[in-house]
Amino acid sequence: MTENAQLHDLVGRGYQHGFVTDIESETLPPGLDENVVRTISRIKREPMFLTEWRLQAFRHWLSLREPTWAHVRAEPIDYQSISYYSAPKVKTDGPKSLDEVDPRLLETYEKLGVPLHERARLAGVAVDAVFDSVSVATTFKDRLEKAGVIFCSFSDAVQKHPELLEQYLGSVVPLTDNFYACLNSAVFSDGSFVYIPKGVRCPMELSTYFRINAAKTGQFERTLIVADQGSHVSYLEGCTAPMRDENQLHAAVVELVAMDDAEIKYSTVQNWYPGDENGVGGIYNFVTKRGECRGRNSRISWTQVETGSAITWKYPGCVLRGENSVGEFYSVALANHCQQADTGTKMIHIGANTRSTIVSKGISAGRGQNTYRGLVKILSTAQGARNFTQCDSLLMGDRCGAHTFPYVEVKNPTAIVEHEASTSRISEDQLFYCLQRGISEEDAVNMIVNGFCKSVFKELPMEFAVEAQNLLAVSLEGAVG
Amino acid sequence: MTEIQAMLSIKDLRTTVGSRKVLDGLSLQVSAGEVHAIMGPNGSGKSTLAFTLAGRPGYDVTGGSVSYCGEDLLSLEPEARAQRGLFLGFQYPVEIPGVNNVYLLKAALNAARKQRGLPEVDALEFLMLVREKMKIMQMDESFLSRGVNEGFSGGEKKRNEILQMLVLEPSLAVLDEADSGLDIDALKVVANGVNALRAPDRAIVLVTHYQRLLDYIKPDRVHVLACGKIIRSGGPELARELEARGYDWLLIEAA
Ligand SMILES: Nc1ncnc2c1ncn2[C@@H]1O[C@H](COP(=O)(O)OP(=O)(O)OP(=O)(O)O)[C@@H](O)[C@H]1O
Ligand SMILES: [Mg+2]
């Protein structure tokens, strides 16, 4: 029996979050023009500066073309056929507490394993849940407020903390940054906002759960996290979507700002609907994530487990401006069936003695195409900067692909940049060894793949590491054949 | 007197690897409580026999039969054979990076327990069991948390195989060159481990090239595998004779 045939027998449990919630929503008709941008801004009762900012982005976006350099093949997106705003219908302005949230929404999140009832949260994770375009609930508000932490939906932040938004919004990812970020800046609907005041260690994990429900809508959320001097926060983001046979666009922007001695740990478990085995449907995940270590000794750490989406296009990066600041990127990306992942990171070293670590684990199975694309840029000011990059690919079967594009630009001779790369397969020897110990083929494959990803999983918060392992197992079902 | 069925009964076994006929009419009986040694020149098919018994893909059985504990062994999947107490000690144990040694061991034990309708082993009990067996194998606790065979020396890998065997307590252990690459002290440790498993309800098949191992583990029977079959069987004295005379005389006799 060949390796392929051996691995083939895995039973298909398939995508488990593919249901649709039957809920009445208010959706803008498809199409995009200045009027739509103004309407979104009006629905959100935004201050002038924000409306102007959106319009500026929109006008700039009109002059941009979609990037074509990624190693992916995508159906062209008709931006006029997408609806840019969809919200579950509510009588009042928005739920003030969980009791006002539509029970069907709460049920949806229960099904997804994200119970919003505070009592049910044993782990003590505060959750902001975003359903299509709007945030439906933020838990644990009181406890966080006591610590001085601001954790709320972006819409709430617009009302309550406009000065913070004006100061930080677009300061890491400028509205002109790239095609998708620019589009997001024009039409973003909701997302999360976090502010950790000076010296505060956030008392619990913060987390946002994104859910696309409505058909023919795009999701454009925006997350902004500001960690003031000496503060500390760990943030987790999870995502799912129903199974639909058209492609849906998700173009998010995440901005992180870490001041002196501050630390932000941002973990993502991305499980958007990947499309079916033949590549029909699935989410186009075109996301811009960037953190700036603005202060000395600050640290930003990205950990991502990317198992979903038809196409993933994201490069969470760090701008290491502050002296001695540290940027980290730990990634597991899986491309099974017809999925395409083009992901990696950008580490921009500006300050002296800045350090960055990149660990990327790419798994390709089925006809999946997995690309690591990473930029390490060391400016002339970055005396003594260091980077270590490790980039490993695991192939399952012979119809998938793994590609590596490391870009390195070093302008300071004192910098040290190291790069290690490997490509391997699950060997028949390893598989048979496990079988001979009585372990089933499915468990053996999962064990070996998890072993491969270990150095990334150990960076995840405990409860999510377990979730990530399970997710990987499900996503690998019927992996090769 | 009724005839007692041997634990392992191989009849006229034929195995093809790639395009090569390696086993060509091999027969062998091993009863519970016995230790059998299999010797033979390089490339004669000793590992092929071990892999065929364990059900390795690519080792195609073209004829013959194997019964194990009254079951048709060849009809079982490799993991089912293992769960029923067939253990193969590999000549070249493979490394599985990132997979915790003790994690694999626990999964293996639980798979066998599940097959027997037993609940999963208690975590604490398991740890105590492993510690006890590690003492026999004189292995440091640090091996528990390392990846499976990851960066182990040749001798350490062999010890790890025997450790796994002791924890899993198989009914039939086929040990493929458990002694190769071991220093003198390690050889004794491995032999001790194997002897610790000996019991009236278990059988052990040792593949080896040297008499030394058999000084420590006394076999009941010694067989010579050549030309795809067992060409000679005898008691422990056969191994000593081979040590002194080599295989040529047997091969000439067989031809
Ligand atoms: N895939 C293969 N294709 C062709 N021939 C093979 C293949 N695998 C093994 N063989 C051959 O089968 C024969 C038996 O190999 P095997 O490993 O069983 O020998 P062995 O008795 O264990 O030898 P050693 O004492 O060196 O371990 C050898 O001649 C070997 O080259
Ligand atoms: Mg051999």
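Quantities reported herein were computed from a predicted structural model and do not represent experimental measurements.

## Some details on the environment of R321 of chain A
Residue and element names in this part refer to chain A.
Next, step 1: Within the fold, R321 resides in the loop between β16 (317-320) and β17 (326-335).
Next, step 2: A relative accessible area of 42% places R321 in the partly exposed class.
Next, step 3: For the pair R321 and N271, spaced 50 residues apart in sequence, the C-alpha to C-alpha distance is 32 Å.
Next, step 4: Beyond its immediate sequence surroundings of up to four residues, R321 is in contact with E292, C293, R294, I350 and G351.

## Remarks on the sheet that holds strand β6 (residues 86-89) of chain B
Consider a sheet: its strands pair through backbone hydrogen bonds, and that pairing is either parallel or antiparallel.
Residue and element names in this part refer to chain B.
Next, step 1: The six strands lie next to each other as β6-β9-β10-β3-β11-β12, forming an open sheet whose pairing is mixed. Lying at the two open borders of the sheet, with one neighbouring strand each, are β6 and β12 (229-234). Taking the axes of each pair of neighbouring strands and ignoring which way they run, one obtains an average angle of 20° across the sheet.
Next, step 2: Relative to strand β10 (residues 203-207), strand β3 (residues 35-39) runs parallel, the two being bridged by four bridges. Considered in β10, the bridge of I38 is made with V207.
Next, step 3: Where helix α6 (residues 154-168) meets the sheet, its contacts fall on β6 and β9 (172-176), and the angle it forms with β6 comes to roughly 170°.

## Concerning the packing of helix α3 (residues 101-115) of chain B against helix α4 (residues 123-136) of chain B
Residue and element names in this part refer to chain B.
Next, step 1: For the pair α3 and α4, interaxial distance at closest approach is 12 Å and the crossing angle is 110°. The orientation of α3 relative to α4 falls into the category roughly perpendicular. Judged by the sense of rotation from one axis to the other, the crossing of α3 with α4 is right-handed. Across the interface between the two elements, V102, L105, K106 and L109 of α3 pack against A123, F126, L129 and V130 of α4.

## What about the site of ligand 1?
All names here are of chain B.
Next, step 1: Contacts to ligand 1 come from 15 residues, most closely from G43, G45, K46, S47 and T48.
Next, step 2: Within the contact set of ligand 1, an oxygen atom lies 2.5 Å away from a side-chain nitrogen or oxygen of T48.
Next, step 3: Within the side chain of H209, one N or O atom sits 2.9 Å away from an oxygen atom of ligand 1.
Next, step 4: For ligand 1, whose accessible area on its own is 640 Å², the fraction buried by protein is 64%.

## Observations concerning α4 of chain B
All names here are of chain B.
Next, step 1: Over its 14 residues, α4 runs 20 Å from end to end, which matches the ideal 20 Å to within 8%, given 1.5 Å per residue.
Next, step 2: Every buried residue belonging to α4 is among F126, V130, K133 and M134, and all of these are buried. One face of α4 carries all of its buried residues, which in axial projection span an arc of 105°. Among the exposed residues of α4, those pointing more than 90 degrees away from its buried face are L124, E125, M128 and K135.
Next, step 3: Packed against the buried residues of α4 are α3, α5 (142-145) and α6.
Next, step 4: If you check the start of α4, you find a side-chain oxygen 3.2 Å away from the backbone N of L124, and it comes from D122.

## What to know about the interface of chain A and chain B
Next, step 1: Facing 20 residues of chain A, the contacting portion of chain B comprises 32 residues.
Next, step 2: Taking both sides of the interface into account, the surface hidden between chain A and chain B amounts to around 2100 Å²; carbon and sulfur atoms contribute 65%.
Next, step 3: Looking only at chain A, the three residues that lose the most surface to chain B are F432, Y433 and R437 of chain A, adding up to 36% of its buried area.
Next, step 4: Here chain A is connected to chain B by two salt bridges.
Next, step 5: One salt bridge connects R56 of chain B with D429 of chain A, and the closest N-O pair in it is separated by 2.4 Å.
Next, step 6: Across the chain A-chain B interface, the total number found is 11 residue pairs in polar contact (both at pLDDT 80 or more).
Next, step 7: Only α9 (428-436) and α10 (441-457) of chain A provide two or more residues apiece to the side of chain A that touches chain B.

## What about the coordination of the magnesium ion (ligand 2)?
Residues and elements named next belong to chain B.
Next, step 1: Around the magnesium ion (ligand 2), the donor atoms from the protein are S47 (OG) and Q91 (OE1), and they sit 2.0 to 2.2 Å away. With S47 in helix α1 (residues 46-54) and Q91 in the loop between β6 and β7 (96-100), the pair connects residues that are 44 residues apart, well separated along the chain.
Next, step 2: By relative accessible area, Q91 is classed as buried at 14%.

## Let's talk about the packing of aromatic side chains
All names here are of chain A.
Next, step 1: According to the stated counting rule, one finds 23 aromatic pairs over all chains in the structure shown.
Next, step 2: A ring pair is formed by Y180 and W313, whose centres lie 5.1 Å apart and whose planes are at 75°; its orientation type is edge-to-face. Of this pair, Y180 sits in helix α8 (residues 179-187) while W313 sits in strand β15 (residues 311-314); the two residues are 133 residues apart in sequence, bridging distant segments of the chain.
Next, step 3: Its relative accessible area of 6% is what places W313 among the buried residues.
Next, step 4: By the ring-pair criterion, three or more aromatic residues cluster together here, those being F58, W61, W69, Y79, F179, Y180, Y284, F286, W313 and Y315.
Next, step 5: A cation sits over an aromatic face here: R222 above F188, 5.7 Å from the ring centre.

## Quick word on the sheet that holds strand β2 (residues 20-30) of chain B
Residue and element names in this part refer to chain B.
Next, step 1: Sheet architecture is open: four strands sit in the order β2-β1-β4-β5, paired in antiparallel fashion. Two strands lie at the open edges of the sheet, namely β2 and β5 (71-72), each paired on one side alone.
Next, step 2: Of the pairings in the sheet, the one linking strand β4 (residues 59-68) to β5 comprises two bridges and is antiparallel in character. Looking at the pairing, S67 lines up with D72 of β5.
Next, step 3: On the sheet, α1 packs against β1 (8-17), β2 and β4 and is oriented at approximately 110° with respect to β1.

## Overview of the pattern of salt bridges
Residue and element names in this part refer to chain A.
Next, step 1: Enumeration over the complete set of coordinates arrives at 29 salt bridges over all chains.
Next, step 2: The salt bridge partner of D392 is K361, with a shortest N-O separation of 2.7 Å. Of this pair, D392 sits in strand β21 (residues 386-395) while K361 sits in strand β19 (residues 355-364), and the two are 31 residues apart along the sequence. K361 matches D392 in its accessibility class, with the two residues each being buried.
Next, step 3: Its salt-bridge partner being E418, residue R386 comes within 3.3 Å of it at the nearest N-O pair. Taken together, the residues span a long stretch of sequence, with R386 in strand β21 and E418 in strand β23 (residues 416-425) at a distance of 32 residues.
Next, step 4: With a relative accessible area of 39%, R386 lands in the partly exposed category.
Next, step 5: We classify E418 as partly exposed; its relative accessible area is 34%.
Next, step 6: Among the charged side chains, a network of salt bridges with common partners joins E34, R38 and R59.

Basis of the calculations
Residues numbered from 1 in each chain as written. Chains lettered and ligands numbered in written order. Predicted model: local features only at pLDDT ≥ 70, side-chain atom pairs only at ≥ 80, totals over all residues. Heavy atoms only, no water. Helix = DSSP H or I, 4+ residues; strand = E, 2+ residues; numbered from the N terminus. Buried < 20%, exposed > 50% of the residue type's maximum accessible area, 1.4 Å probe, protein only. Contact = heavy atoms within 4.5 Å. Pairing = 2+ DSSP bridges. Axes fitted to C-alpha atoms, helices over the stretch in contact; angles between N-to-C directions. Parallel < 35°, antiparallel > 145°, perpendicular 65-115°, else oblique. Left-handed = near helix turned anticlockwise from the far one by under 90°. Near = heavy atom within 4 Å. Polar contact = N/O pair within 3.5 Å; in protein donor to acceptor, adjacent residues only side chain to side chain. Areas by Shrake-Rupley, 256 points an atom, 1.4 Å probe, with all protein chains shown as cover. Expected span 1.5 Å × (residues − 1). Arc of directions from axis to C-beta. Buried area = accessible area lost by both parts, 1.4 Å probe. Salt bridge = Lys/Arg side-chain N within 4 Å of Asp/Glu carboxyl O. Donors = N, O, S within 2.8 Å, 3.2 Å for Na, K, Ca; no water. Phe/Tyr/Trp six-rings, centres within 6.5 Å; stacked < 30°, edge-to-face > 60°. Lys NZ or Arg CZ within 6 Å of the ring centre and 35° of its normal.

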